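A look at the structure
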Amino acid sequence: MPRILLLALACSLAVAAAAQPTWRFHLAFEDGTGARDTLWLVYDISATVGSDFDPQVDYALGEGVAQIDHNTFNVFTWNWDGDSTKTHAYPYTEFPNFDGTIIDAINWTPPMTITWDTSLFYASYLPYAQGHLGIAIMDGLAFSQFDHGMGFGVFNMLSENSVTIDFLWDYLFTFSVYFGPVDDTGIHAESAPKGLKVWPNPAQELIQLELSGNEMGKVSVSDLAGRRVMEMEQVPGNGVLDISSLGPGTYVISILTNQIPIYHAKFEKTP
């Protein structure tokens with residue numbers, strides 16, 4: 001066999017050996033009626049990174065629009081065209097972190113059980129220095145009932161293979177999923193985007209909201225029993241929120257942003 005063909009064959013074998021298989025991670029949902037649905041998070045070398053200015057949808061990987069029956073239970077996320085989909089694909093170049101997938105649902109009855117396969121966090125071909133995912137979390141107000149030492153509303157998926165939500169269930173959706181490389185939760189806290197700042201705290205009439213680098217959208221306030229007591233489609237332009245109508249007590253404020261999907265913070269309302 002000519003030398004050039006041998007070199008070409010060696011190169012092709014090396015590329016094939018180095019190619020990473022498609023990593024397909026599923027979140028299985030079952031509500032209180034037994035209705036079920038599944039969402040997929042995929043890593044693949046062919047996946048693209050879209051943006052608001054350059055939407056790219058990986059149809060071959062399942063990111064196309066989902067045909068949703070709006071009268072039945074459905075779980076979904078969104079593709080770069082703004083359509084609901086059952087799959088979100090990321091390229092391996094997004095490692096070691098990706099910025100989160102927003103998950104939503106319609107027509108569900110509590111309690112909600114979410115299950116996943118923890119063995120997939122240790123797939124041998126994942127390109128992490130320590131050989132496996134160091135962070136796998138779900139982030140949302142409903143997860144505040146669990147204390148995994150990773151912050152308010154953060155559920156550590158590495159330590160469990162399922163979770164059932166029946167407390168604050170109105171606020172389970174939307175929530176976010178994140179993956180990352182580090183094992184040290186302190187490192188995670190430092191590398192994460194800065195959180196929502198609320199001051200003065202405690203406050204009697206007005207609070208100032210600040211979220212560096214993010215455009216703040218819908219805001220909601222709930223008490224510690226999970227009752228929503230205030231909601232508006234947009235944070236006031238000056239970031240000042242009037243809380244004078246609230247009774248004394250501790251509240252949780254949630255803000256939807258254009259980047260990290262949801263931020264939470266607590267504040268105290270004084271008499």
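Right, let's walk through the structure included here. (Residues numbered from 1 in each chain as written. Predicted model: local features only at pLDDT ≥ 70, side-chain atom pairs only at ≥ 80, totals over all residues. Heavy atoms only, no water.)

**Side note on the overall build of the chain**
The cut-off we apply is this: Per the convention used, a helix needs a DSSP run of H or I reaching at least four residues, while a strand needs a run of E reaching at least two, with both numbered from the N terminus. Summary of the burial criterion: residues with accessible area below 20% of their type's maximum are buried, those above 50% are exposed, and those between are partly exposed, where the area comes from a 1.4 Å probe applied to protein chains only. Whether two residues are in contact is decided by their heavy atoms, any of which lying within 4.5 Å being enough. A 1.4 Å probe and the Shrake-Rupley method give the accessible areas. Residues count as covered only by the protein chains that appear here.
Counting its regular elements, the chain contains two helices and 18 strands. For the chain, the proportion of its 271 residues judged to be buried stands at 45%. Partitioning the contacts of the chain with sequence separation of at least 6, the portion at a separation of at least 24 is 63%. With an accessible surface of roughly 13,700 Å², the chain has 53% of that area assigned to carbon and sulfur atoms.

**Details of the sheet that holds strand S7 (residues 112-115)**
Test applied: When DSSP finds at least two bridges between two strands, those strands are taken to pair. Lines fitted to the C-alpha atoms define the axes, with helices restricted to the stretch that makes contact. Angles between their N-to-C directions range from 0 to 180 degrees.
As summarised here, the arrangement of the five strands in space is S5-S2-S1-S7-S10, forming an open sheet in which the pairing is mixed. Unpaired on one side and paired on the other, strand S5 (87-90) and strand S10 (162-165) mark the two borders of the sheet. Strand-to-strand twist across the sheet, computed as the mean angle between neighbouring axes with direction ignored, equals 15°. In this sheet, S10 lies alongside S7 in antiparallel orientation, the contact comprising four bridges. Following the sheet pairing, Ile 114 is matched in S10 by Val 163.

**Description of the sheet that holds strand S16 (residues 240-242)**
If you walk across this open sheet you meet the three strands as S12-S13-S16, and the pairing is antiparallel. The sheet is open, and its two edges are formed by strand S12 (197-199) and S16, each paired on a single side. Ignoring strand direction, the axes of neighbouring strands in this sheet form an average angle of 30°. Relative to strand S13 (residues 206-210), S12 runs antiparallel, the two sharing three bridges. When the sheet's bridge partners are listed, Lys 197 is paired in S13 with Glu 210.

**Focus on the pattern of salt bridges**
Heads up, the rule is: Each salt bridge in this description consists of a side-chain nitrogen of Lys or Arg and a carboxyl oxygen of Asp or Glu lying within 4 Å of one another.
Within this structure, the stated rule accounts for two salt bridges. With its nearest N and O atoms 3.3 Å apart, the salt bridge here joins Glu 30 to Arg 36. A salt bridge links Lys 86 to Asp 37; the shortest N-O distance between them is 2.4 Å. In this pair, Lys 86 sits in the loop between strand S4 (84-85) and S5 while Asp 37 sits in strand S2 (residues 36-43), placing the two residues 49 residues apart along the sequence. A relative accessible area of 19% places Lys 86 in the buried class.

**Let's talk about the environment of Ile 165**
By the element assignment, Ile 165 lies in strand S10. Judged by relative accessible area, Ile 165 falls into the buried class, the value being 0%. What Ile 165 contacts, discounting residues up to four positions off in sequence, is Pro 111, Met 112, Ala 142, Phe 143, Gln 145, Phe 146 and Leu 172.

**Considerations on the pairing of S13**
The side chains of a regular strand alternate, residue by residue, between the two faces of the sheet. The side-chain alternation of S13 yields one buried face, formed by Ile 207 and Leu 209, and one unburied face, formed by Leu 206, Gln 208 and Glu 210. The turn joining S12 and S13, which pair antiparallel and follow one another in sequence, is formed by six residues. For S13 and S16, the ladder comprises three bridges, and the chain directions are antiparallel. In the sheet register, Gln 208 faces S16, and the bridge partner there is Val 240.

**With respect to the side chain of Asn 156**
What counts, and what does not: Polar contacts, as used here, are pairs of N or O atoms within 3.5 Å; protein pairs need one atom able to donate a hydrogen and one able to accept it. Residues neighboring in sequence count only if both atoms are side-chain atoms.
With respect to the element layout, Asn 156 can be found in strand S9 (residues 154-156). Judged by its relative accessible area of 16%, Asn 156 is buried. In this structure the side chain of Asn 156 is engaged in a polar contact, spanning 3.0 Å, whose partner is the backbone nitrogen of Leu 158. Ignoring sequence-local partners within four residues, the contact set of Asn 156 consists of Ala 136, Ile 137, His 148 and Met 150.

Interpretation note: all reported values are geometric properties and have no functional meaning in isolation.
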